[in-house]
Amino acid sequence: MDRSFYVGVSAALFAAFAFSLNFIVPFIIGDYSTFDFALIRHLVSALVGMFILFSEKHVARHLTLRNVQQALWLAFVGYVGYFLTVTGAAIFAGPVIAPAFLGLVPIVLMVIGNQRQGSLPWRSLMPPLALVLIGLVLVNGTAFTAEGLNSVKSFWVGVPLALAAVGLWVWFALANQAALAARPEVPSGVWSALILVGGGVLMLAFYPLGAAMDLFKLPALGFGWSSAGGLYVWGTSLALLATVGGVWAWNIASRSLPVAVAAQLIVSETAFGVIGGLVVHARWPTPIEIAGVTVLIAGVVLSVRIFYDRQFASGRTLLAQE
């Protein structure tokens, strides 16, 4: 239990850091679109996934039709569907308001996860939940100011897309944990590889439609290394760290921790994202941003402490009774 707990917490924090790297994508792709970046990223991730599948021993017994279908569905919901809704939300609601709505993901996940699993009493869960909510409000406090509203094209399109992205990610997190629980014999690496391959296949299938809609800039700007070299380097780097590393770490956390606790740990993605944004913009944080990140971290630490005390207190009670 002790080792599993620490492994789960470490994996969830690493997943949060890996996912937070998505916030720097707009600043590193130059004239190429986020769709170009996603295509390179998911194709590289799929190649890594195939390498993992071919290198694992006895992997063929895990490649059942049911497992492949479930992994493909999870890739569609958590990769392609989530990416398209997030991108659409950023386009129509702006780059500030869309992430503010996405901050609802851990809150919704905590509530639904604890409702389904009952891992923590609501009385114990409310203090860290309140801290996380306050921290998110402080961090995203500039979203609805005049400056934040300047980039809004359409609330009526952008906000529903942002809410759809929230729903898809929550659905993915719950469905993925249920799939892992139903397949204890499947190694986390194999399951992660199946999802990675599924995401690459789906993005490749989407390319003809996206190219027809002029969503991809690669055909116009060129596929050659002289023009797209930066895109390939960054796409490969984030594929290995953010996609492969993030999915692998999240699957480990999903097996080691209840959804409510893993969701509170994933809140640290926002804190990592704020820090990354400050580095990219080469500026110091505002007092409100400092307060928001501090309160977020306090909520995460408190939730881990409560879960640890509850689990190990019950373990000590059982040992004493024996």
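Residues numbered from 1 in each chain as written. Predicted model: local features only at pLDDT ≥ 70, side-chain atom pairs only at ≥ 80, totals over all residues. Heavy atoms only, no water.

Colleague: What is the right way to look at the overall build of the chain in this model?
Modeller: Per the secondary structure count, the chain includes 13 helices and zero strands. Start at the N end of the chain and walk to the C end: the helices and strands fall as α-α-α-α-α-α-α-α-α-α-α-α-α. Burial status across the chain gives 50% buried among its 322 residues. Across the chain, contacts joining residues at least 24 apart in sequence account for 87% of those joining residues at least 6 apart. Of the roughly 15600 Å² of accessible surface on the chain, 71% is carried by carbon and sulfur atoms. (Helix = DSSP H or I, 4+ residues; strand = E, 2+ residues; numbered from the N terminus. Buried < 20%, exposed > 50% of the residue type's maximum accessible area, 1.4 Å probe, protein only. Contact = heavy atoms within 4.5 Å. Areas by Shrake-Rupley, 256 points an atom, 1.4 Å probe, with all protein chains shown as cover.)

Colleague: Looking at this model, I keep getting lost on the packing of aromatic side chains. Mind explaining?
Modeller: When we look at a pair of aromatic rings, we describe it by the centre distance and by the angle of the planes. Within the structure shown, the criterion is met by eleven aromatic pairs. Ring plane angle 50° and centroid distance 6.5 Å describe the contact between Phe14 and Phe17, whose orientation is recorded as tilted. On the criterion of helical spacing, the pair formed by Phe14 and Phe17 is a turn pair, its members being three residues apart in helix H1 (residues 2–20). You can call Phe14 partly exposed: its relative accessible area is 32%. (Phe/Tyr/Trp six-rings, centres within 6.5 Å; stacked < 30°, edge-to-face > 60°.)

Colleague: So what exactly am I meant to see when it comes to the packing of helix H2 (residues 34–55) against helix H8 (residues 188–212) here?
Modeller: Helix-helix packing is characterised by the crossing angle of the two axes and by the distance between the axes. Between H2 and H8, whose axes approach to 7 Å, the crossing angle comes to 140°. Our classification of the angle between H2 and H8 gives oblique. Judged by the sense of rotation from one axis to the other, the crossing of H2 with H8 is left-handed. Counting all contacts with H2, which are made through Phe35, Ala38, Leu39, His42, Leu43, Ser45, Ala46, Gly49, Met50, Ile52 and Leu53, the residues of H8 involved are Gly189, Val190, Ala193, Leu194, Leu196, Val197, Gly199, Gly200, Met203, Leu204, Phe206 and Tyr207. Split by residue class, the contact of H2 with H8 holds 17 nonpolar, six polar and no charged. (Axes fitted to C-alpha atoms, helices over the stretch in contact; angles between N-to-C directions. Parallel < 35°, antiparallel > 145°, perpendicular 65-115°, else oblique. Left-handed = near helix turned anticlockwise from the far one by under 90°. Nonpolar A, V, L, I, M, F, W, Y, C, P; charged D, E, K, R; others polar.)

Colleague: I would appreciate a short explanation of a nonpolar patch on the surface in the present structure.
Modeller: Among the surface-exposed residues, Phe14, Phe17, Leu241, Phe272, Ile275 and Val279 lie close enough to one another that they form a single nonpolar patch of about 490 Å² accessible area. Elements supplying a minimum of two residues to the nonpolar patch: H1 and helix H12 (268–281). Element by element, the count of residues in the nonpolar patch is highest for H12, at three residues. (Patch = residues over 30% accessible without salt bridge, like charges linked within 9 Å, V, L, I, M, F, W, Y side chains within 5 Å. Salt bridge = Lys/Arg side-chain N within 4 Å of Asp/Glu carboxyl O.)

Colleague: Explain the nonpolar core to me, please; I cannot follow it from the model alone.
Modeller: Trp191, Leu218, Trp250, Leu257 and Leu265 are the most contacted members of the largest nonpolar core, which totals 90 residues. If we skip the residues at most four places from it in the chain, Leu257 touches Phe5, Gly8, Val9, Gln177, Ala262, Leu265 and Phe307. (Core = buried A, V, L, I, M, F, W, Y, C linked by side-chain atoms within 4.5 Å.)

Colleague: Any chance you could explain unusual backbone geometry here in plain terms?
Modeller: Among all residues save glycine, negative phi is the norm, and among peptide bonds the norm is trans. For Asp214, which is not a glycine, the phi torsion comes out positive at approximately 60°. With respect to the secondary-structure elements, Asp214 resides in the loop between H8 and helix H9 (218–221).

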